[in-house]
Amino acid sequence: MEIYEGRPESVEGRLPREVRVYDFLDELGIDYKRVDHETASTMEACEEIDRALGTLMCKNLFLCNRQKTKFYLLMMPGDKKFKTKELSSQINSSRLSFADAEDMLNYLDIEPGAVSVMGLMNDKEHTVQLLVDEDVKKGEYLGCHPCVCTSSMKIKTKNIFEKFLPAVGHEPEIVHLVGED
């Protein structure tokens, strides 16, 4: 798996949503490493990619409340199990479930399998609340998709929290997930 510095030399054949991510990161002066790969829409497929990049495997879940009036993007370590009850009590939102693919596309311009913090740049109305497990924030780097599941990036966590999130106007809520059985 070849690791590249920054954006692809040519954007031919790449989706506009992916190119917008590279443009935005470049505009913010955020450095990143990138790999292109076959479709990686499961945690197992992402494990190998994250090992190659030498970064924390980050699980990104797009959630909503039962009424579909609140939407959440949860970033958590890939090795933790997601427990709805554990998160619901911390954010005072009962009956969390996975949001529909239609909502994912509508709010984040992302399709299932490519959920990423990068999608927040497309949430101009700030409808989605970012939830970040404290262990993700502690890591030096994090891995994420550039809004497509055929490329992955390694970015300094500090740059996500100090440059990217302020630029897109999203304030993360830090949560503590135990995730054990």
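One can find the structure itself at the top, above this paragraph.
How each quantity is defined
Residues numbered from 1 in each chain as written. Predicted model: local features only at pLDDT ≥ 70, side-chain atom pairs only at ≥ 80, totals over all residues. Heavy atoms only, no water. Helix = DSSP H or I, 4+ residues; strand = E, 2+ residues; numbered from the N terminus. Expected span 1.5 Å × (residues − 1). Pairing = 2+ DSSP bridges. Core = buried A, V, L, I, M, F, W, Y, C linked by side-chain atoms within 4.5 Å. Buried < 20%, exposed > 50% of the residue type's maximum accessible area, 1.4 Å probe, protein only. Contact = heavy atoms within 4.5 Å. Disulfide = S-S within 2.5 Å. Axes fitted to C-alpha atoms, helices over the stretch in contact; angles between N-to-C directions.

Asker: What should I look at first to understand helix H1 (residues 16-28) in this one?
Answerer: Its 13 residues give H1 an end-to-end C-alpha distance of 18 Å, which sits within 8% of 18 Å, the value for a rise of 1.5 Å per residue. Immediately beyond the C-terminal end of H1, within one or two residues, lies Gly29, with a positive phi of roughly 70 degrees.

Asker: What is the right way to look at the sheet that holds strand S3 (residues 58-64) in this model?
Answerer: Neighbouring strands of a sheet are bound in pairs by backbone hydrogen bonds; such pairs are parallel or else antiparallel. Taken in spatial order, the five strands of this open sheet run S5-S3-S4-S6-S9, and their pairing is mixed. Each edge of the open sheet carries a strand with a single partner, namely strand S5 (97-98) and strand S9 (173-175). When strand S4 (residues 71-77) meets strand S6 (residues 128-133), the two strands line up parallel, connected through five bridges. Opposite Leu73, over in S6, you have Leu130 as the bridge partner.

Asker: Just checking my understanding: could you explain the nonpolar core for this structure?
Answerer: The tendency in soluble globular proteins is for nonpolar side chains to be buried as a group. Membership of the largest hydrophobic core comes to 37 residues, with the highest contact counts inside it found for Val117, Met118 and Phe164. Counting residues per element, this core draws most heavily on helix H6 (residues 157-168), at five residues. Apart from the residues within four sequence positions on either side, Met118 is in contact with Val21, Leu25, Cys144, His145, Pro146, Cys147, Met153, Ile155, Ile160 and Phe164. If you look at the next biggest cluster of nonpolar residues, it comprises 11 residues, including Leu63, Tyr72, Met76 and Leu131.

Asker: Help me out: how do you make sense of the pairing of S3 in this one?
Answerer: In the case of a regular strand, side chains alternate between the two sheet surfaces. Within S3, seven of the seven residues are buried, which leaves it mostly tucked inside the rest of the structure. Burial along S3 is two-sided: the face carrying Cys58, Asn60, Phe62 and Cys64 and the face carrying Lys59, Leu61 and Leu63 are both buried. Where S3 and S4 come together, seven bridges link them in antiparallel fashion. The residue bridging Cys58 from the neighbouring strand is Pro77, located in S4. Remark: six residues form the turn of the hairpin made by S3 and S4, two consecutive strands paired antiparallel; Lys68 in that turn has positive phi of roughly 60 degrees. Bridging between S3 and S5 involves two bridges; their strand directions are antiparallel. Following the sheet pairing, Leu63 is matched in S5 by Phe98.

Asker: Before we go on, may I ask you to explain the state of the cysteines in this structure?
Answerer: Chemically, a disulfide is nothing more than a covalent bond linking the sulfur atoms of two cysteines. What the rule picks out here adds up to zero disulfides. The closest cysteine sulfur to the non-disulfide-bonded Cys58 is located on Cys144, 8.0 Å from its own sulfur.

Asker: So what exactly am I meant to see when it comes to the environment of Val178 here?
Answerer: Tracing the chain through its elements places Val178 in the segment after S9. Residue Val178 is classed as partly exposed on the basis of its relative accessible area, which comes to 39%. As a C-alpha pair, Val178 and Asn159 span 19 residues in sequence and 26 Å in three-dimensional space. In contact with Val178, other than residues within four places in its own chain, are Lys80 and Glu86.

Asker: Please clarify how the sheet that holds strand S2 (residues 33-36) should be interpreted in this entry.
Answerer: If you walk across this open sheet you meet the four strands as S1-S2-S8-S7, and the pairing is antiparallel. In this open sheet, the two edge strands, each paired with only one partner strand, are strand S1 (4-5) and strand S7 (141-144). When S7 meets strand S8 (residues 151-156), the two strands line up antiparallel, connected through four bridges. Bridge pairing links Gly143 to Lys154 in S8. Those strands touched by H1 are S2 and S8, and its axis lies near 20 degrees from that of S8. Of the strands in this sheet, S7 and S8 are in contact with H6, which crosses S8 at around 80 degrees.

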